[in-house]
Amino acid sequence: MELLPRSPAEFGSARYWDRFFRQRGQRPFEWYGAFPELCPVLHKYVRPRDKVLVVGCGNSELSEQMYDVGMCEDIVNIDISDAVIRQMRERSASTRPKMSYLLMDMLQMDFPDAHFQVVLDKGTLDALLTDEEEATLAKVDQMFAEISRVLQVGGRYLCVSLAQAHVLKKAVEYFSREGWVVRVHQVASSGDEQQFVLPVFVYVMTKFRKIPGSAAQILEICPEEQDKPMRVESAERLVAAVKDRQHYALLCSQISKPPCREQVSLDLCERESGKPRYTLHVVDSPSVKPSRDNHFAIFIIPQGRETEWLFGTEEGRRQLAASAGFGRLLTVALHREQHYEGMAGIQAELSGKVMELAPPGLPARQQVPFLSVGGDIGVRAVRHCDSSPLSGEFVVEDVKGDGTCYFRRLIFLQNRNVVQSEARLLAPTPLSGQKKRRKDKKKAGPAEPPGAIDKSYLCCEHHKAMVAGLCLLGGPDALPGELAVLVVGLGGGSLPLFIHDYFSQARVAVVEIDPSMLEVATRWFGFSQGERMQVHVSDGLDYVAKLAAEAPAQYDAVMFDVDSKDVTVGMSCPPPAFVEKPFLQKVKTILKPEGVFVLNLVCRDARLKESVLATLRDVFPLLYARRIQGEVNEILFCQPGPAGRRDPAELGARARALEGALRRPGRPWDSSYALADVLQAVHIL
């Protein structure tokens with residue numbers, strides 16, 4: 001039996017609906033929204049003594065159910081289908097004497113002005129507004145004008161809809177322009193299998209007298225979990241708020257049939273400001289054998305650690321979920337702009353929402369555990385917030401790592417999940433002779449992070465690899481002595497600082513395009529200039545080009561650790577212009593014949609990466625690569641001539657010798673600086 005129309009235009013045809021209802025027979029047809037779901041909203045706006053008009057009633061049971069429960073009895077139903085009007089009259093004639101059914105076109109109604117307190121529309125506007133053609137929009141304007149005419153001032157037009165963007169926008173713009181109050185309710189789901197995955201909404205348009213010259217709009221949305229309406233400033237914002245809820249419904253549908261192969265993420269935002277408060281990732285583990293107690297758990301990522309591989313990457317979260325031993329793990333990242341009242345406060349805040357993301361089959365009243373590292377939510381202290389024309393908004397923050405270690409980080413907020421620079425903070429040293437705290441003295445609150453920078457420690461694995469590249473310098477039996485090093489990209493300054501401090505004869509020049517970064521590095525990361533350390537505030541492209549023209553072959557090592565601000569390119573480090581062939585030839589020009597060019601490459605686009613490598617091979621005859629485990633970074637060591645080629649054994653020997661030379665009495669040396677281990681993983685491209 002073919003019930004669907006041949007074209008959207010047939011939704012407005014009486015002939016189509018006559019055929020539809022004859023073929024369907026007496027079975028009620030509900031577009032969407034069963035009465036139990038709609039009832040809480042309808043109860044707010046329909047009073048027992050109201051005179052109610054239902055436009056496009058079809059053979060829905062909605063009017064009958066409203067009548068039967070005593071919500072309202074004075075109900076007039078209209079439709080353009082003679083077949084359905086006759087059906088409905090027969091169905092209600094003996095049991096609902098105060099309710100009537102009339103054959104009438106809602107675009108040309110016979111009722112007098114201001115005749116009704118409520119006009120109810122369940123899917124009729126959606127059926128009429130199938131496109132945005134001029135003829136369709138004219139019909140919708142005529143429908144709205146007729147509804148406006150027959151409603152009293154203070155009356156309500158209740159429209160049950162799936163809220164497609166063009167439908168909602170049209171209704172909101174029309175009635176708000178007329179001075180009506182517009183409120184959108186999301187209808188609470190019953191939890192049963194539904195015909196539509198998308199949520200159902202009720203637009204409530206309340207008629208007010210139009211005040212000449214007034215442009216004020218009152219637009220509100222009521223999410224299903226909230227009774228109190230939330231004001232929005234424009235029709236666009238209202239449409240966007242509805243779209244967010246539609247996306248959330250689709251997401252819940254997507255994860256309702258585990259295992260979900262792709263990790264799903266969403267932000268939970270503050271109601272008032274709209275700013276993200278929590279970022280959630282849903283991670284399913286098909287390998288976990290389900291039992292009563294391991295269906296579902298929530299993992300709170302400690303503040304400041306959301307960028308770590310285990311928490312900040314898909315593979316890391318997958319490992320975390322598998323090791324936790326739950327079929328579904330919901331990871332929760334906390335945002336730096338927000339304040340949290342400890343684990344108990346977060347649990348109370350999230351408990352209702354996260355259960356909507358639980359896997360099906362979760363036993364009733366199942367206690368869902370909230371997990372974390374060490375059982376707390378970590379420590380994050382924002383030390384400095386600022387912005388610059390070149391880098392945008394950025395923050396400097398101190399976070400607690402594993403154990404008692406604290407780290408200072410520079411984060412560019414346009415890419416807030418990436419740590420731009422990081423330094424370890426020194427633990428405070430007790431003053432000699434300092435008395436122990438008296439036992440009866442009140443305990444201090446949470447410890448403040450220490451402030452001094454540990455300049456001997458390289459936090460970033462790619463920096464350790466870049467330092468190891470200096471093993472490639474020098475003759476067959478010589479280690480680098482006097483060095484001239486150019487570093488493009490300052491950040492927090494940890495890389496040039498380490499080279500300056502550990503290579504006592506090195507002269508380091510740093511090029512940084514953003515003067516704000518020099519200020520940040522100096523004030524917050526312990527960076528300082530001196531006789532052997534100079535910073536040039538300049539575009540790296542211009543600086544290298546000038547050197548190539550005026551002072552070639554002067555550097556033993558050139559290091560690029562500079563990020564790209566263009567997020568549309570699949571390469572975040574360096575900017576594409578830094579790996580174009582003409583510029584790379586200038587880099588080769590400023591290198592000494594036995595020098596090394598060290599490049600931090602972060603490229604997710606496989607085709608683009610292969611192109612960059614091919615260009616590097618064209619310019620530099622000898623090219624080594626070192627992948628950084630668990631990261632996208634790849635460190636490339638490029639040398640101007642093939643004479644510098646060394647086998648892995650020689651590289652290892654040189655690395656151990658260099659490491660021995662750098663270890664000096666009284667100078668800290670972290671065990672992770674195993675230069676030989678770093679270079680063992682190097683391969684020639």
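Quick caveat, the model's predicted, so the values are computed rather than measured. (Residues numbered from 1 in each chain as written. Predicted model: local features only at pLDDT ≥ 70, side-chain atom pairs only at ≥ 80, totals over all residues. Heavy atoms only, no water.)

A. Local environment of the confidence of the model for the protein. Averaged over all residues, the pLDDT of the protein equals 83, while 83% of them reach at least 70. Ignoring residues within four places in sequence, the model shows residues 1-8, a span with pLDDT below 50, making 11 contacts including any to other chains. Low pLDDT, under 50, characterises residues 429-447; the stretch is placed with 3 contacts to residues that sit more than four places away or in other chains. (pLDDT = per-residue confidence, 0-100. Contact = heavy atoms within 4.5 Å.)

B. Representation of the sheet that holds strand E8 (residues 218-222) in the model. An order of E3-E2-E1-E4-E5-E7-E6-E8-E9 is seen for the 9 strands of this open sheet, with the pairing classed as mixed. Sheet topology places strand E3 (100-103) and strand E9 (230-232) at the edges, where each strand pairs with a single neighbour. Here the average twist between neighbouring strands, direction ignored, is 20°. Here 6 bridges tie strand E5 (residues 151-161) to strand E7 (residues 201-206), and the two strands are oriented antiparallel to one another. Bridge pairing in E7 places Val 160 opposite Val 202. The sheet contacts of helix H4 (residues 82-92) involve strand E2 (75-79) and E3, and relative to E3 the element is tilted by about 165°. Packing against the sheet, helix H8 (residues 235-254) makes contact with strand E6 (181-186), E7, E8 and E9, and its axis sits at approximately 10° to E8. (Pairing = 2+ DSSP bridges. Helix = DSSP H or I, 4+ residues; strand = E, 2+ residues; numbered from the N terminus. Axes fitted to C-alpha atoms, helices over the stretch in contact; angles between N-to-C directions.)

C. Here's a closer look at the packing of helix H16 (residues 581-590) against helix H17 (residues 606-619). One way to put it is that H16 packs onto H17 with a least axis distance of 10 Å and a crossing angle of 45°. Our classification of the angle between H16 and H17 gives oblique. The handedness of the crossing between H16 and H17 comes out as right-handed. For the pair H16 and H17, contact is made by Lys 581, Leu 584, Gln 585 and Lys 588 and by Thr 615, Leu 616, Asp 618 and Val 619, respectively. For the contact of H16 with H17, the residue count by class is 3 nonpolar, 2 polar and 3 charged. (Parallel < 35°, antiparallel > 145°, perpendicular 65-115°, else oblique. Left-handed = near helix turned anticlockwise from the far one by under 90°. Nonpolar A, V, L, I, M, F, W, Y, C, P; charged D, E, K, R; others polar.)

D. Seen up close, the pairing of strand E26 (residues 634-639). Counting buried residues in E26 gives 6 out of 6 residues, a clear majority hidden from the surface. What you see with E26 is no split at all: Glu 634, Leu 636 and Cys 638 on one side and Ile 635, Phe 637 and Gln 639 on the other are buried throughout. Sheet analysis places strand E24 (residues 591-603) next to E26, joined by 5 bridges and oriented antiparallel. Opposite Phe 597, over in E26, you have Cys 638 as the bridge partner. Sheet analysis places strand E25 (residues 622-627) next to E26, joined by 6 bridges and oriented antiparallel. (Buried < 20%, exposed > 50% of the residue type's maximum accessible area, 1.4 Å probe, protein only.)

E. Inspection of the pattern of salt bridges at higher detail. Evaluated as defined, the whole model comprises 33 salt bridges. We note a salt bridge from Glu 73 to Lys 98, for which the minimum N-O separation is 3.3 Å. Placement of Glu 73 in the loop between helix H3 (62-68) and E2 and of Lys 98 in the loop between H4 and E3 is noted, with a sequence separation of 25 residues between them. Arg 231 is paired through a salt bridge with Glu 220; the nearest N and O atoms lie 3.4 Å apart. Taken together, the residues Arg 231 in strand E9 and Glu 220 in strand E8 connect sequence positions 11 residues apart. By relative accessible area, Arg 231 is classed as exposed at 52%. A network of salt bridges, in which partner residues are shared, links Glu 64, Asp 68, Arg 91 and Arg 96. (Salt bridge = Lys/Arg side-chain N within 4 Å of Asp/Glu carboxyl O.)

F. Representation of the packing of aromatic side chains within the structure. One pass over the structure, following the stated rule, counts 15 aromatic pairs. With a centroid separation of 5.0 Å and an interplanar angle of 70°, the aromatic rings of Tyr 174 and Phe 175 are classed as edge-to-face. The exposure classification of Tyr 174 matches that of Phe 175, with both residues buried. Members of the aromatic cluster, each reached through a chain of ring pairs, are Phe 144, Tyr 157, Tyr 174, Phe 175 and Trp 180. (Phe/Tyr/Trp six-rings, centres within 6.5 Å; stacked < 30°, edge-to-face > 60°.)

G. Fine view of the pairing of E24. Within E24, 10 of the 13 residues are buried, leaving the element largely enclosed by the surrounding structure. In this structure, strand E22 (residues 555-560) lies alongside E24, joined through 5 bridges in parallel fashion. The residue bridging Met 559 from the neighbouring strand is Val 598, located in E24. Here strand E23 (residues 571-573) runs beside E24; their pairing, made up of 2 bridges, is antiparallel. Its bridge partner being in E24, Cys 573 is matched across the sheet by Val 602.

H. Geometry of the nonpolar core. Counting residues in hydrophobic clusters, the biggest one holds 44 residues, and the most contacted among them are Leu 53, Leu 125, Tyr 157 and Tyr 203. When residues in this core are grouped by element, the largest group, 6 residues, is from helix H7 (residues 165-177). Apart from residues lying up to four places away in sequence, Tyr 157 is in contact with Val 119, Asp 121, Leu 125, Met 143, Phe 144, Ile 147, Leu 151, Phe 175, Trp 180, Tyr 203, Val 204 and Met 205. (Core = buried A, V, L, I, M, F, W, Y, C linked by side-chain atoms within 4.5 Å.)

I. Broad picture of the sheet that holds strand E16 (residues 392-400). Read from one edge to the other, the open sheet built from 4 strands follows the order E15-E16-E17-E18, with strand pairing classed as antiparallel. Of all the strands in the sheet, just strand E15 (380-388) and strand E18 (421-424) have a single pairing partner and so form its edges. Strand-to-strand twist of the sheet, defined as the mean angle between neighbouring strand axes without regard to direction, takes the value 15°. Across 4 bridges, strand E17 (residues 406-412) lies against E18 in antiparallel orientation. Bridge assignment links Arg 409 to a residue of E18, and that residue is Glu 422.

J. Local environment of unusual backbone geometry. Residue Pro 574 follows Cys 573 across a cis peptide bond; omega there is -5°. Within the fold, Pro 574 resides in the loop between E23 and H16. Of note in the backbone geometry, Ala 114 takes a positive phi value of approximately 50° without being a glycine. The residue Ala 114 is located in the loop between E3 and strand E4 (116-122) in this model. Owing to a relative accessible area of 38%, Ala 114 belongs among the partly exposed residues under this scheme. One non-glycine residue, Ala 163, lies in the positive phi region at around 60°. Mapped onto the elements of the fold, Ala 163 is located in the loop between E5 and H7.

K. Focus on the packing of helix H12 (residues 461-468) against helix H13 (residues 494-502). Packing of H12 against H13 leaves a shortest axis separation of 10 Å and a crossing angle of 40°. As judged from the angle between their axes, H12 and H13 are oblique. Both H12 and H13 take part in a crossing whose hand is right-handed. Here His 463, Met 466 and Val 467 of H12 come into contact with H13, specifically with Ser 494, Leu 495, Phe 498 and Ile 499. Taken together, the residues of the contact of H12 with H13 break down into 5 nonpolar, 2 polar and no charged.

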